[in-house]
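# Analysis of the macromolecular model
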Amino acid sequence: MVKKVTEASQAVAEAVKLCRPKVIPVYPITPQTHIPERISDFVDNGEFDCEMIYVESEHSAISAAIGSSASGVRTYTATASQGLALMHEILHVVSGMRLPIVMNVANRALSAPINIWNDHQDSMNARDTSWIQLYVESAQEALDTTIMAFRIAEDHDVLLPVMVCLDGFTLSHVYEPVDVPEQKTVDKYLPKFKPAFSLDGKTSTMGPIGYPGDFMGFKKQQHEAMLASLDVIKKANAEFKKVFKRSYGDGLIEPYRLDDAEHVFVGAGTICGTARTVIDKLRNEGHKVGMLKLKAFRPFPEDAIVKACKAAKSIIVFDRSVSFGFKGPIFAEFESAFYEASQKPLLHSFIAGLGGYDVTLDHIEDAFRSAMTADKPISRWLYKE
Amino acid sequence: MVVRYILKVGGPDTIVCNSTGCLEVFSTPYPRTSWKVPWIHAAFENSAAVASGVDRALRAKGVRDKWNVVAIGGDGGSFDIGFGAISGMLERGHKVLYVCYDNEAYMNTGIQRSGATPKFASTTTTPAGKVIPGKQEFHKPLPFIVAAHGAYVATANVAFPHDFMAKVKKAFAFDGPSYIQVFSPCPTGWRHPTELTIEIAKLAFNTNIFPLFEIENGIFKLNRKPAKQLPVEEYLQRQGRFKHLKEEHFAEIQKHVDAEWQKLLKLDESGLKLF
């Protein structure tokens, strides 16, 4: 295995090429652009046989992806921020039509004020679109998770689209050592696309009107498929380990020094890399601290979370987005997950890193130290006015 | 009617990408369907984009030559909300026939004005009021805008099915994007008896309100001219949506129609390559 220093966007592009989608409709938006640019390099240099559709908007990117996926070919796209927001209407149509499209999101803030830097408001805004959402921390994880995503989406027990979210700039534009697997290894892991249905196969009517008597049935099936994906994601991760000798926790959550941790940091994406350093420092001082990295936000792995935090006295959730008028979206899910749990750790909420605001080692260390002495829940926005 | 004529020409190897609209609603009440050809619907404004994806997927599978791909939308889905997606589809040169069934308003949602609604028409959002007598703008010249993309363009009319089908045949044979705008009266929205549908459609042709033409390889051609041009009142007076019109309104519409017609005659004679 030779590791090459590679930009995370390049690593994603390599993953996409290795998964051999046949059609990629795509529209450029910062900070996603390096992904389609590298894919275009592959295609135009004859290294990757794929139909690129350079559409006139993200709305048409995801709509063309519907036409392509419904025609029975593996389909991929990528976007970010305003682009994801423009797709929003059609995101629901994709999952409702049970099309296993895979999309990378280079997470970025939403306007206004306009801001091109990283936070998670864009994908959190798509929470209830019935797309599986997986968050990644490193370039390697971005590559690996993109490969896993096709397998998860296309599993006939799931048939739902998957969004692989990587932090804009702080990951998408960062160079790291990456192992790019060989084609034959990926082929072994990811079988050829077998569509559940295809427009040019048996004559079909796809996307009909569902009257009230039928509509809820469709939605319930979608919900059940989302719940079924919990196991499918775990299996995809376990199989990945067998073939590639790497994996990420159980595929849903990834613990770090968590077993006996009394104070647990929770985050998604690159922020977890920062937290690892802080945890090592505090462990050296003798503090029982650890991390639960949230990889899957939808489906939300609440059972796995409660089980993994068995020693927790406090849980510190860093959200890089906010549900205005309520709380951080990850934090709210944790409150819900622990409502019926037997253990009752104190849950602390930190809103951090919106629109590219730095989240530093000090922020996380301070949060840990505050949590260690707190006797009631902390709720804080981490920025200087 | 419009669909029957398209499929008469296209046959069973036709994939239909349908915009949200009355056609999609009445033809696919799950679990039943009226469609005997592959059919897909995703949303209101994106059938041209969906068709773009179908086109490239079929090409990737090596079966592109086997299929005709048709996108169908109403005038709201084509003139207004889906306009960008159509322009993109045309610019990228997808081999897709886009058919706009033009009934000059948002009929599925209850007769609201669209960019295709003619001047002075009373709709639910441009009602003939005491101060403002219906819609205030003439309709958007979509066929010419489409033609500027280099597509094969034709207008058709449900009252002239053979002309329509000949154009559909030409569009399927054309190696690139094509667009046909079919004039389709809506008895509910236009407020005329259903049995007058074809008569009204014929009057639209005979008054030069809706001329039949093609723009092929950038050259404009009038397909036929009325034997005797009738005054616009003959067409307008038969419809409830124009019943508030006064002499001055008829005169303004007549003037506009005549000026447009003169332009088209000149274009037709010139043989000029427009695009």
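Residues numbered from 1 in each chain as written. Chains lettered and ligands numbered in written order. Predicted model: local features only at pLDDT ≥ 70, side-chain atom pairs only at ≥ 80, totals over all residues.

Here we take up the overall build of chain B. Helix and strand counts for chain B come out as 11 helices and 8 strands. For chain B, whose C-alpha radius of gyration is 18 Å, the value lies close to the compact-globule estimate of 19 Å for 275 residues. The principal-axis extents of the C-alpha atoms in chain B amount to approximately 60 × 50 × 30 Å. Here chain B, with 275 residues, has 50% of them falling under the buried criterion. Nonlocal contacts in chain B, meaning residues at least 24 apart in sequence, comprise 67% of its contacts between residues at least 6 apart. (Helix = DSSP H or I, 4+ residues; strand = E, 2+ residues; numbered from the N terminus. Rg over C-alpha atoms; globule rule 2.2 N^0.38 Å. Buried ≥ 20, exposed ≤ 12 C-beta atoms within 10 Å, placed from the backbone. Contact = placed C-beta atoms within 7 Å.)

All right, on to the overall build of chain A then. The helix and strand inventory of chain A stands at 12 helices and 16 strands. Over its C-alpha atoms chain A spans a radius of gyration of 20 Å, differing by no more than 12% from the 21 Å that the globule rule assigns to 385 residues. Here the C-alpha coordinates of chain A stretch approximately 65 × 55 × 45 Å along the principal axes. Considering chain A as a whole, with its 385 residues, one finds that 56% of them fall into the buried category. Within chain A, counting contacts between residues at least 6 apart in sequence, those at least 24 apart form 79% of the total.

Moving on, we get to the sheet that holds strand E7 (residues 162–167) of chain A. Residue and element names in this part refer to chain A. Strands sit in the order E4-E5-E7-E6-E13 across an open sheet of 5 strands; the sheet is mixed. Strand pairing shows two members of the sheet lacking a second neighbour, strand E4 (76–79) and strand E13 (296–298), which therefore form its edges. Recorded for the sheet is a direction-independent mean angle of 20 degrees between the axes of neighbouring strands. Inspection of the sheet shows E4 paired to strand E5 (residues 102–107) by 4 bridges, in the parallel sense. Residue pairing in the sheet places tyrosine 76 in a bridge with valine 102 of E5. (Pairing = 2+ DSSP bridges. Axes fitted to C-alpha atoms, helices over the stretch in contact; angles between N-to-C directions.)

Time to look at the interface of chain A and chain B. Across the contact, 34 residues belong to chain A and 37 residues belong to chain B. If you list the elements that add at least two residues to the side of chain A that touches chain B, you get strand E2 (23–26), strand E3 (51–54), helix H3 (58–70), helix H4 (81–96) and strand E9 (205–206) of chain A. Among the residues forming the side of chain A that touches chain B, the class breakdown is 16 nonpolar, 12 polar and 6 charged. Across 2 bridges, the pairing between E9 of chain A and strand E2 (residues 39–41) of chain B is parallel. Bridge assignment links threonine 205 of chain A to a residue of E2 of chain B, and that residue is tryptophan 39 of chain B. (Nonpolar A, V, L, I, M, F, W, Y, C, P; charged D, E, K, R; others polar.)

Here the focus is the domain arrangement of chain A. Residues and elements named next belong to chain A. Under the domain assignment used here, chain A contains domain 1 (3–192 + 211–244) and domain 2 (253–382). The distance between the C-alpha centroids of domain 1 and domain 2 comes to 26 Å. Tallying the contact residues gives 26 residues for domain 1 and 20 residues for domain 2. Every element with two or more residues in the side of domain 1 that touches domain 2 is listed here: helix H5 (121–124), strand E6 (132–135), E7 and helix H8 (212–244). The element best represented in the side of domain 1 that touches domain 2 is H8, accounting for 5 residues. Taken together, the residues of the side of domain 1 that touches domain 2 break down into 14 nonpolar, 8 polar and 4 charged. (Domains from an automatic or database assignment.)

The next thing to look at is the environment of lysine 221 of chain B. All names here are of chain B. Mapping lysine 221 onto the fold places it in strand E8 (residues 219–222). Lysine 221 gets classed as partly exposed once you count the C-beta atoms within 10 Å, which come to 14. When the C-alpha positions of lysine 221 and leucine 265 are compared, they lie 8.9 Å apart, and in sequence the two are 44 residues distant.

Whether parallel or antiparallel, the strands of a sheet pair through hydrogen bonds between backbone atoms. Pairing within the open sheet is mixed, and its 9 strands lie in the order E9(A)-E2(B)-E1(B)-E3(B)-E4(B)-E6(B)-E5(B)-E7(B)-E8(B). Two strands in the sheet have a free side with no partner beyond their single neighbour: E9 of chain A together with E8 of chain B. Judged from the 5 bridges that link them, strand E3 (residues 68–74) of chain B and strand E4 (residues 97–102) of chain B form a sheet pairing that is parallel. Bridging from a neighbouring strand, glycine 74 of chain B pairs with tyrosine 101 of chain B of E4 of chain B. On top of the sheet, helix H7 (residues 161–173) of chain B reaches E3, E4, strand E5 (152–157), strand E6 (178–183) and strand E7 (213–216) of chain B; it is set at about 160 degrees to E5 of chain B, its chief contact. Docked against the sheet, helix H11 (residues 247–270) of chain B engages E7 and E8 of chain B, running at close to 115 degrees with respect to E8 of chain B.

On to the packing of helix H1 (residues 2–10) of chain B against H7 of chain B. All names here are of chain B. Their axes nearest at 9 Å, the elements H1 and H7 cross at an angle of 50 degrees. One way to sum up the angle between H1 and H7 is to call them oblique. In this structure, H1 crosses over H7, and the sense of that crossing is right-handed. When H1 is examined against H7, the residues Tyr5, Ile6, Lys8, Val9 and Gly10 are found in contact with a partner set consisting of Pro161, Phe164, Met165, Val168, Lys169 and Phe172. Class assignment of the residues belonging to the contact of H1 with H7 gives a composition of 8 nonpolar, 1 polar and 2 charged. (Parallel < 35°, antiparallel > 145°, perpendicular 65-115°, else oblique. Left-handed = near helix turned anticlockwise from the far one by under 90°.)

All names here are of chain B. Buried residues dominate E5, accounting for 6 of its 6 residues. Relative to E6, E5 runs parallel, the two sharing 6 bridges. Along E6, the bridge assignment pairs alanine 154 with isoleucine 180. Since E5 and E6 lie parallel, the crossover through H7 that links them has a hand, and here it is right-handed. Of the pairings in the sheet, the one linking E5 to E7 comprises 2 bridges and is antiparallel in character. The partner of alanine 154 across the bridge, within E7, is glutamate 214. (Right-handed = clockwise from strand over helix to strand, strands pointing away.)

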